[in-house]
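The chain contents come next:
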Amino acid sequence: MNKNELLKVAVKARNNAYAPYSHFKVGAAILAKNGKVYSGCNIENSSYGASICAERVALFKAVSEGEKEFLAIAIATDTKKPVMPCGICRQVLSEFAPNLKIYAINIDGKVKEALLDQILPDAFTKEDLEDIK
Ligand code: THU
């Protein structure tokens with residue numbers, strides 16, 4: 001699966017977004033090392049804090065199917081500029097793939113790319129947890 005195919009899966013997944021509160025629909029698609037792709041969309045809740053981002057839905061679907069290694073994630077929004085994952089999603093993604101490639105696309109087809117360790121430098125990790133004095 002190449003970058004454009006992954007972006008297409010994210011754009012399609014955005015159609016399933018449940019965002020009646022923010023009206024901000026997001027789609028995501030994460031590519032596991034074995035080539036399988038898992039899609040996700042944001043799912044909001046009347047108890048706003050119970051909402052979840054598209055990126056974490058895609059990742060959690062994959063992890064729940066036994067995946068632990070990932071190559072790339074694509075994110076689709078209907079914004080003027082493509083958007084990068086929120087801080088919580090950056091942290092959660094870095095647990096499994098600190099070097100993850102990120103491809104963000106808007107509905108006009110504009111793409112922005114980054115590496116997770118560029119947008120989450122000096123991430124807190126499980127090694128930090130083992131460093132208690
Ligand atoms: N959201 C995502 O799904 N991914 C992002 O990268 C940013 C924010 C969702 C969460 C919420 O449902 C809505 O967009 C507005 O924050």
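As shown above, the structure is provided for reference.
Owing to the predicted nature of the structure, the values given are computational and were not obtained by experimental measurement.

### Points about the environment of Ile-102
So, step 1. Here Ile-102 shows up in strand E4 (residues 101–106).
So, step 2. Separated by 18 residues in the primary sequence, Ile-102 and Met-84 place their C-alpha atoms 7.8 Å from one another.
So, step 3. Here Ile-102 is in contact with Ile-73, Ile-75, Met-84, Pro-85, Lys-112, Glu-113, Ala-114, Leu-115, Leu-116 and Ile-119, once residues within four sequence places are set aside.

### Considering the site of the ligand
So, step 1. Residues in close proximity to the ligand include Ser-22, Phe-24, Val-26, Asn-42, Glu-44, Cys-53, Ala-54, Glu-55, Met-84, Pro-85 and Cys-86, which together make up its full environment.
So, step 2. Between the ligand and Asn-42 there is a distance of 2.9 Å, counted from an oxygen atom to a side-chain nitrogen or oxygen.
So, step 3. Ala-54 is positioned with one of its backbone polar atoms (N or O) 2.9 Å from an oxygen atom of the ligand.
So, step 4. Taking 370 Å² as the accessible area of the ligand by itself, protein coverage stands at 78%.
So, step 5. For the shell around the ligand, the per-class residue count stands at 7 nonpolar, 2 polar and 2 charged.

Parameters and conventions
- Residues numbered from 1 in each chain as written.
- Predicted model: local features only at pLDDT ≥ 70, side-chain atom pairs only at ≥ 80, totals over all residues.
- Heavy atoms only, no water.
- Helix = DSSP H or I, 4+ residues; strand = E, 2+ residues; numbered from the N terminus.
- Contact = heavy atoms within 4.5 Å.
- Near = heavy atom within 4 Å.
- Polar contact = N/O pair within 3.5 Å; in protein donor to acceptor, adjacent residues only side chain to side chain.
- Areas by Shrake-Rupley, 256 points an atom, 1.4 Å probe, with all protein chains shown as cover.
- Nonpolar A, V, L, I, M, F, W, Y, C, P; charged D, E, K, R; others polar.

By themselves, these figures tell us nothing about what the structure is for.
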